[in-house]
Amino acid sequence: MQASRNSLSFKTIEFKKSKNEITILDQTKLPEQEVYVSLKTVEEVYNAIKTMQVRGAPLIGVTAAYGLVLAANNKENVEKATSYLQSVRPTAVNLSWAIKRMMTRATQSTDLYNDLLNEADTIRQNDVFSCEKMGEHGSALVKNNAHIMVHCNAGALATSGIGTALGVLYAAKARGTQCVVYSCETRPLLQGARLTTWELTKNGIETYVICDNMAATYMPNMDLVLVGADRIATNGDTANKIGTCGLAIIAQYYAVPFYVVAPISTFDFTRVSGEDIPIETRCEDEIRRFNTKNIVAKQAKVCNPAFDVTPADLITGIVTEKGILRPPFNAAIERLVRNDK
Ligand code: MRU
């Protein structure tokens, strides 16, 4: 059996042509409430991405693509909408990648609305397909009863398909391979605690949540670490949720294989190393406040980078829809570019 989008009981995104609206699962309400909200304007799309009602690199790319369909329908200036949406979250390259594809289609278009809708549908369908393929390739890494550490949410909730890192687990399960997952809670916005536990347990995968500072304690018991990515440079350096680099360092110390799972749309062929990757800084209140309560002395300063870069030499392999890339990544990524053309 193969894991597929249809086997999941929720949809992260849907475009309703009859109403000209995007319906998204509001991820800020999880795990307590499964609430779907409608987006009808580019501004609403911008705010949904900014506030992380929709999040995860592939999913924000798909959402922005449909945002441009709304722009065309609402007779808004599509070019202006592209730069507006592109600025909303700077690290995940899937966002600018999807917007660039939409712009290319717009410049060749004779029927702007329908051409953009077709392109957005294609981007979404490719995402679904890529997730399934990554699952297929990555599931070979999962041994029966493996203990696997994950970080943030690189699951179905972060894509329009079965997910990247968590898609591997769904694919393994569909083949009859069981595993136990240790999900880092992922301060400050707790994607690991709120979202990963929600979708894994909903899909019958045994899951423990651990605080981020427990990773070193549990790492010696792990067989594998699986994470997603927001942008991968051509040398394999990988930007992902803050805390990923720390996990990779701990994994190397304990000789636990550390794999990144990401589609080709997450590779940035214009960046030669992680130093060139822009890192999003988010607002201080995400750290200063817990729910509505202040937890930091007012006089203290706060740092809140949303992502870090894991150096390529800490990465065992990168699972893509085209197969698993192995070091040296420069050469493997070069081959990927050539085959993709
Ligand atoms: O800030 P977020 O929640 O959008 O960050 C998401 C991550 O870092 C994921 O691990 C990454 O996007 C890969 S998701 C398939």
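We now examine the domain arrangement of the chain. You can read the domains of the chain as domain 1 (5–131) and domain 2 (135–340). Between the C-alpha centres of domain 1 and domain 2 there is a distance of 23 Å. Contacts between domain 1 and domain 2 engage 33 residues on the former and 36 residues on the latter. At the boundary of domain 1 with domain 2, total buried surface from both sides reaches about 2,900 Å², with 56% on carbon and sulfur atoms. Where domain 1 meets domain 2, there are 2 salt bridges. Among the salt bridges present, the one from Glu280 reaches Arg89, with a minimum N-O distance of 3.0 Å. Where domain 1 meets domain 2, there are 20 residue pairs in polar contact (both at pLDDT 80 or more). Those elements that provide at least two residues to the side of domain 1 that touches domain 2 are α2 (57–73), α4 (93–107) and α5 (112–138). Among the residues forming the side of domain 1 that touches domain 2, the class breakdown is 17 nonpolar, 9 polar and 7 charged.

Time to look at the environment of Ser9. Relative to the helices and strands, Ser9 resides in the segment before β1 (13–16). Taking the relative accessible area as the measure of exposure, Ser9 reaches 55% and is therefore exposed. As for Ser9 and Glu199, which are separated by 190 residues in sequence, their C-alpha atoms are 9.6 Å apart. With near-sequence residues (within four places) excluded, Ser9 lies in contact with Glu34 and Lys202.

Read from one edge to the other, the open sheet built from 3 strands follows the order β8-β9-β13, with strand pairing classed as antiparallel. Of all strands in the sheet, those bounded by a partner on one side alone are β8 (231–232) and β13 (307–310). For β8 and strand β9 (residues 238–241), the ladder comprises 2 bridges, and the chain directions are antiparallel. Pairing of Arg231 across the sheet is with Ala239, part of β9. Contacts between helix α9 (residues 244–253) and the sheet are confined to β9 and β13, with β13 contributing the most and set at about 35° to the helix.

A few words on the sheet that holds strand β2 (residues 21–25). If you walk across this open sheet you meet the 3 strands as β1-β2-β3, and the pairing is antiparallel. Lying at the two open borders of the sheet, with one neighbouring strand each, are β1 and β3 (36–39). Here the average twist between neighbouring strands, direction ignored, is 25°. Sheet topology note: the β2/β3 ladder contains 4 bridges and is antiparallel. Residue pairing for β3: Leu25 is matched across the bridge by Tyr36. With respect to the sheet, α2 is in contact with β1, β2 and β3, its orientation differing from that of β1 by roughly 15°.

Take the side chain of Gln53 next. By the element assignment, Gln53 lies in the loop between α1 (42–50) and α2. The class of Gln53 is buried, set by a relative accessible area of 19%. Reaching out from Gln53, the side chain makes a polar contact with the side chain of Asp26 at a distance of 3.1 Å. Ignoring sequence-local partners within four residues, the contact set of Gln53 consists of Ile24, Leu25, Asp26, Gln27, Thr28, Val37 and Ala48.

With the rule as written, the count across this model stands at 16 salt bridges. Residues Arg105 and Glu119 are paired through a salt bridge, measuring 2.7 Å at the closest nitrogen-oxygen approach. One end of the pair, Arg105, is in helix α4; the other, Glu119, is in helix α5, with 14 residues separating them in the sequence. For Arg105, a relative accessible area of 25% puts it in the partly exposed group. Linked through salt bridges whose partners overlap, the residues forming this network are Arg89, Glu280, Arg282 and Glu286.

On to the site of the ligand, then. If you check the shell around the ligand, you find 18 residues, and the closest are Arg55, Arg89, Gln191, Asn240 and Lys241. The backbone of Ala57 places a nitrogen or oxygen atom 2.9 Å from an oxygen atom of the ligand. In this structure, Arg89 approaches the ligand through a side-chain N or O atom, which is 2.7 Å from an oxygen atom. Surface burial for the ligand is 99%, taken as the share of its 410 Å² of free accessible area covered by protein chains. Mapping the ligand onto the cavity grids shows that it belongs to the largest cavity. Broken down by secondary-structure element, the contributors of at least two residues to the shell around the ligand are α2 and β9. The residue inventory of the shell around the ligand, partitioned by class, reads 8 nonpolar, 6 polar and 4 charged. Looking at the shell around the ligand, you find at least three residues from each of domain 1 (5–131) and domain 2 (135–340).

Rules and cut-offs
- Residues numbered from 1 in each chain as written.
- Predicted model: local features only at pLDDT ≥ 70, side-chain atom pairs only at ≥ 80, totals over all residues.
- Heavy atoms only, no water.
- Domains from an automatic or database assignment.
- Contact = heavy atoms within 4.5 Å.
- Buried area = accessible area lost by both parts, 1.4 Å probe.
- Salt bridge = Lys/Arg side-chain N within 4 Å of Asp/Glu carboxyl O.
- Polar contact = N/O pair within 3.5 Å; in protein donor to acceptor, adjacent residues only side chain to side chain.
- Helix = DSSP H or I, 4+ residues; strand = E, 2+ residues; numbered from the N terminus.
- Nonpolar A, V, L, I, M, F, W, Y, C, P; charged D, E, K, R; others polar.
- Buried < 20%, exposed > 50% of the residue type's maximum accessible area, 1.4 Å probe, protein only.
- Pairing = 2+ DSSP bridges.
- Axes fitted to C-alpha atoms, helices over the stretch in contact; angles between N-to-C directions.
- Near = heavy atom within 4 Å.
- Areas by Shrake-Rupley, 256 points an atom, 1.4 Å probe, with all protein chains shown as cover.
- 1 Å grid on protein atoms, 1.4 Å probe; cavity = no way out; pocket = protein on both sides within 12 Å on 5 of 7 lines; lining within 4 Å.
- Sits in = over half its atoms within 2 Å of the grid points.

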